[in-house]
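Report on the structure
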Amino acid sequence: MRSGERTNRSYTMSMTGLCMSKAAAALSASPRVVKLSTGLKDADRKLVAEMLSDVTVQTYRTLLRSQVVHWNVVGPLFQPIHELTEQHYSELFAAIDTLAERIRALGYPVPTGKAAAGLDKALSIGGRMSALAMVEELIEDHEALTRLIREAAGEAEELEDFVTHDLLTERLAFHEKAVWMLKAIAAD
């Protein structure tokens, strides 16, 4: 190996080591609570972030339940239920991202371990395998989310967090429409 090649190789190895240490430092970053001055009190931001965390977790569970129904529904109403649940879980997936980004904008990390609690229920339809029973479970999930979101939206408005209020109002409209559509399918 020539002297020039050794110098280039040493330089390259040195730069690679520097880049690797920067990459390691960058990879060790983790989300944390951030102090903000946006006109909302710290305690109010925390309360709203906690409420949004609950909504995010419940939305994720409903997304999973919608997919389980989507995959397992059978019978004469297969096609409309299959298509509706696909629309729902696609919308829910986008909503989760929006909710999580709002939590981050409030200066708080998005829930992680908390989200796993109850997933076994979301992924299971148990003995309720008929299309009607599956739709009824989805109705219950969307109604529960509607109640949770309505309460959180009211609280956000009282705390003058209008961004969160508007976001939750949009979510509320989606879930109320989902309940209406699912109940129309389940009607006898």
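Residues numbered from 1 in each chain as written. Predicted model: local features only at pLDDT ≥ 70, side-chain atom pairs only at ≥ 80, totals over all residues. Heavy atoms only, no water.

Looking at the overall build of the chain
Applicable threshold: Runs of H or I in DSSP of at least four residues are treated as helices and runs of E of at least two as strands, each being numbered from the N terminus. Where accessible areas are quoted, they stem from the Shrake-Rupley method and a 1.4 Å probe; at the residue level, only the protein chains shown are allowed to cover.
Secondary structure assignment for the chain yields seven helices and zero strands. Listing every helix and strand of the chain by position from the N terminus yields α-α-α-α-α-α-α. When the accessible surface of the chain is summed, it comes to about 11,200 Å², and 58% of that surface belongs to carbon and sulfur atoms.

Quick look at unusual backbone geometry
In plain terms, the rule: Exposure categories follow from relative accessible area, calculated using a 1.4 Å probe and restricted to protein chains: below 20% of the type maximum is buried, above 50% is exposed, and the middle band is partly exposed.
Unlike most non-glycine residues, Glu-160 shows phi in positive territory, near 65°. Relative to the assigned elements, Glu-160 resides in the loop between α6 (131-158) and α7 (162-186). For Glu-160, a relative accessible area of 56% gives the class exposed.

Quick look at the pattern of salt bridges
Which entries qualify depends on this criterion: We define a salt bridge as a side-chain nitrogen of Lys or Arg found within 4 Å of a carboxyl oxygen belonging to Asp or Glu.
Counted under the stated rule, the structure contains seven salt bridges. The salt bridge involving Glu-137 is made with Arg-65; its shortest N-O contact spans 2.6 Å. Taken as a pair, Glu-137 in helix α6 and Arg-65 in helix α2 (residues 42-72) lie far apart in primary sequence, 72 residues in all. Exposure remark for Arg-65: the relative accessible area of 3% places this residue in the buried category. Residue Glu-176 is joined to Arg-150 by a salt bridge in which the shortest nitrogen-to-oxygen separation is 2.4 Å. Within this pair, whereas Glu-176 is found in helix α7, its partner Arg-150 is found in helix α6, the two being separated by 26 residues in sequence. On the accessibility criterion, Glu-176 (38% relative accessible area) is partly exposed. The class for Arg-150 is partly exposed, based on a relative accessible area of 45%. Each member of the salt-bridge network shares a partner with another, and the members are Arg-65, Glu-137 and Asp-141.

So, the side chain of Arg-45
Note the threshold: A 3.5 Å cut-off defines polar contacts: any pair of N or O atoms within that distance qualifies, except that in protein one atom must be a possible hydrogen donor and the other a possible acceptor, and neighbouring residues in sequence count only when both atoms are side-chain atoms.
Checked against the element boundaries, Arg-45 lands in helix α2. Judged by relative accessible area, which is 2%, Arg-45 ranks as buried. At a separation of 2.3 Å, a polar atom in the side chain of Arg-45 contacts the main-chain carbonyl oxygen of Leu-106.

Some remarks on the environment of Thr-146
Inclusion rule: Residues count as neighbours in contact if any of their non-hydrogen atoms are within 4.5 Å of one another.
Along the polypeptide, Thr-146 turns up in helix α6. It is 8.3 Å that separates the C-alpha atoms of Thr-146 and Arg-171, two residues lying 25 residues apart in sequence. Apart from the residues within four sequence positions on either side, Thr-146 is in contact with Leu-172, His-175 and Glu-176.

Scope: geometric values only; no functional claims are made or implied.
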